[in-house]
Amino acid sequence: MLKCTACGNEMESRTCSSCHGENLPDARFCCYCGKALKEPSAVKAGDDPYDLDSRILCSDENCIGIINEHGVCTECGRPHNFKE
């Protein structure tokens, strides 16, 4: 189990099948070796908002976010095709 750096409480984690590193429960890739973590069985392929085949990247080239179902960026909150 992972420990919170702020309070010291134990948190849920996902173990990488390749390097056995402990990752946050919602991690998609191992933060130690970079291998893809197995998807939880509850998530269906079409329901994943981070599906690499259907994602739309933020129009701000300095942002790493993707456009969500409401048409705004998940990181900076700007609407799609925002121009300054």
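Criteria and cut-off values
- Residues numbered from 1 in each chain as written.
- Predicted model: local features only at pLDDT ≥ 70, side-chain atom pairs only at ≥ 80, totals over all residues.
- Heavy atoms only, no water.
- Helix = DSSP H or I, 4+ residues; strand = E, 2+ residues; numbered from the N terminus.
- Buried < 20%, exposed > 50% of the residue type's maximum accessible area, 1.4 Å probe, protein only.
- Contact = heavy atoms within 4.5 Å.
- Areas by Shrake-Rupley, 256 points an atom, 1.4 Å probe, with all protein chains shown as cover.
- Polar contact = N/O pair within 3.5 Å; in protein donor to acceptor, adjacent residues only side chain to side chain.
- Salt bridge = Lys/Arg side-chain N within 4 Å of Asp/Glu carboxyl O.
- pLDDT = per-residue confidence, 0-100.

A.B. asks: Any chance you could explain the overall build of the protein here in plain terms?
C.D. replies: The number of helices and strands found in the protein is zero helices and four strands. Buried positions account for 18% of the 84 residues belonging to the protein. Of the contacts made within the protein by residues no fewer than 6 positions apart, 4% connect residues no fewer than 24 positions apart. Surface summary for the protein: the accessible area is close to 6700 Å², and the carbon and sulfur share equals 50%.

A.B. asks: Mind showing me how you'd approach the side chain of N23 here?
C.D. replies: Its place among the elements puts N23 in strand β4 (residues 22-23). A polar contact is formed between the side chain of N23 and the backbone oxygen of G21, at a distance of 3.2 Å. Not counting chain neighbours up to four residues away, the residues in contact with N23 comprise L2, E12, S13, R14, C16, F29, C30, C31, Y32 and L37.

A.B. asks: Where do I start with the pattern of salt bridges in this structure?
C.D. replies: Two side chains with opposite charge may pair up if their charged atoms get near one another. Counted by the stated rule, this structure contains one salt bridge. Close ionic contact of R78 with D60 constitutes a salt bridge, the shortest N to O distance being 2.6 Å. Separated by 18 residues along the polypeptide, R78 in the segment after β4 and D60 in the segment after β4 bring together distant segments of the chain. A residue is classified by how much of its surface remains accessible, and R78, at 24% relative accessible area, is partly exposed.

A.B. asks: Just checking my understanding: could you explain the confidence of the model for the protein for this structure?
C.D. replies: Interpreting fine coordinate detail is not advised for predicted regions of low pLDDT. For the protein, the average pLDDT comes to 80, and 82% of its residues sit at 70 or higher. Within the protein, the lowest mean pLDDT, 80, falls on strand β1 (residues 2-3), and the highest, 90, falls on β4.

A.B. asks: Please clarify how the environment of C19 should be interpreted in this entry.
C.D. replies: For C19, the location among the structural elements is in the loop between β3 (14-15) and β4. Classification of C19 by relative accessible area gives partly exposed; the value is 33%. C19 sits 13 residues away from Y32 along the chain, and the two C-alpha atoms are 7.7 Å apart. Not counting residues up to four positions away in its chain, the partners in contact with C19 are C30, Y32 and C33.

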